[in-house]
Amino acid sequence: MGTSWGLYTTLTGILAVLLLLSAMEKKGALDSRQVSVIAVLAALCAAGRSVTGVGLLFLQPTMFLVEITGFVYGARVGFFTGAMTPLISNFFMGQGSWTPWQMLCWGLVGVSGAVVKALLPQAGNRTLTAVCFLWGYLYGAIMDVWQWTVFMRPLTWQTYFLTWAAGFSFDSLRAAGNLFFCAALGHQTLKILQYFHKKMNIHYLER
């Protein structure tokens, strides 16, 4: 009997998502305002991803929004928003063993925004656009691990390279789409999310 690498890979993706969710929860419960932000932004991202359809997965006006969410609201909100995006949209586009890996990738996009904020507090849309462009390729490289283990035999570095090379053109289109949307919409989106973030942090004192 052959080793069921596809099953192991799917379980690994599920475990990774659960571990990251648990780590985020240990920092304290999300308050109602954070939950509202996650719900609204995840719904927007899922809608944007669903509208493009399966045939245009590389052209999604959503990944930049997840990254900027992490930049403005922090790693927890960024990760939850990112992870919920494919989970919700795949109810319309198709659920499968790829969903946990997509959740992991999209969640990490949100975390990367928070990392940029921590390392470069004054970073602007140019930096975020560059990171979002790189995620076009990183997303493909990570998802290729799932595809490689499920469909390719034998599992060698050569077959992984072939898997990656076969999807490189699609990764390039995704990166170009991320670059376009973040460059065109990122600055205004950043200002809007920062505005609402400041509103969320206002505390009224009792007289």
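Residues numbered from 1 in each chain as written. Predicted model: local features only at pLDDT ≥ 70, side-chain atom pairs only at ≥ 80, totals over all residues. Heavy atoms only, no water.

Draft legend 1. View of the overall build of the protein. Helix and strand content of the protein: eight helices and zero strands. In the protein, which comprises 207 residues, the proportion classed as buried is 44%. In the form shown here, the protein has an accessible surface area of approximately 11300 Å², with 71% of it arising from carbon and sulfur atoms. (Helix = DSSP H or I, 4+ residues; strand = E, 2+ residues; numbered from the N terminus. Buried < 20%, exposed > 50% of the residue type's maximum accessible area, 1.4 Å probe, protein only. Areas by Shrake-Rupley, 256 points an atom, 1.4 Å probe, with all protein chains shown as cover.)

Draft legend 2. Broad picture of helix α4 (residues 75–93). Counted at 1.5 Å a residue, the expected span for α4 with its 19 residues is 27 Å, and the 27 Å between its end C-alpha atoms agrees. Directly after α4, the chain includes glycine 94, whose backbone phi takes a positive value near 120 degrees. (Expected span 1.5 Å × (residues − 1).)

Draft legend 3. Broad picture of the packing of aromatic side chains. In this structure the tally under the stated criterion is eleven aromatic pairs. Residues phenylalanine 161 and tryptophan 164 carry aromatic rings whose centres are separated by 5.7 Å and whose planes lie at 40 degrees to one another, so their mutual orientation is tilted. In this pair, phenylalanine 161 and tryptophan 164 are both assigned in helix α7 (residues 157–166), three residues apart and thus about one turn of the helix distant. Look at tryptophan 164 and you get partly exposed, because its relative accessible area is 27%. (Phe/Tyr/Trp six-rings, centres within 6.5 Å; stacked < 30°, edge-to-face > 60°.)

Draft legend 4. Here's a closer look at the packing of helix α3 (residues 63–73) against α4. Direction vectors running N to C along α3 and α4 enclose 160 degrees, while the axes themselves pass 7 Å from each other. Judged by the angle between their axes, α3 and α4 are roughly antiparallel. The two elements α3 and α4 cross, and the hand of that crossing is right-handed. Of α4, the residues touching α3 (which contributes Val66, Thr69, Gly70 and Tyr73) are Ala75, Val77, Gly78, Thr81, Gly82 and Thr85. In terms of residue class, the contact of α3 with α4 is made up of four nonpolar, six polar and no charged. (Axes fitted to C-alpha atoms, helices over the stretch in contact; angles between N-to-C directions. Parallel < 35°, antiparallel > 145°, perpendicular 65-115°, else oblique. Left-handed = near helix turned anticlockwise from the far one by under 90°. Contact = heavy atoms within 4.5 Å. Nonpolar A, V, L, I, M, F, W, Y, C, P; charged D, E, K, R; others polar.)

Draft legend 5. Geometry of the environment of alanine 141. With respect to the helices and strands, alanine 141 occurs in helix α6 (residues 125–151). According to the relative accessible area criterion, alanine 141 is partly exposed, its value standing at 21%. For alanine 141, the contacting residues outside a window of four places in its chain are Tyr160, Trp164 and Asp171.

Draft legend 6. Inspection of the UniProt feature "transmembrane region" (unreviewed entry) in the protein at higher detail. Per the UniProt entry, the sites bearing "transmembrane region" (unreviewed entry) are residues 6–23, 35–59, 71–92, 104–121 and 127–146 in this numbering. Here residues 127–146 runs as 100% helix and 0% strand, with 29 Å between its end C-alpha atoms. (UniProt positions renumbered as here; feature names shortened; annotations may be inferred.)

Draft legend 7. Broad picture of the side chain of threonine 149. For threonine 149, the position within the fold is in helix α6. Classification of threonine 149 as buried rests on a relative accessible area of 6%.

Draft legend 8. Expanded view of a nonpolar patch on the surface. The grouping of Tyr8, Leu11, Ile14 and Leu18 at the surface amounts to a nonpolar patch, some 380 Å² of accessible area in total. Its location among the elements puts isoleucine 14 in helix α1 (residues 5–25). Residue class for isoleucine 14 comes out partly exposed when judged on its relative accessible area of 36%. (Patch = residues over 30% accessible without salt bridge, like charges linked within 9 Å, V, L, I, M, F, W, Y side chains within 5 Å. Salt bridge = Lys/Arg side-chain N within 4 Å of Asp/Glu carboxyl O.)

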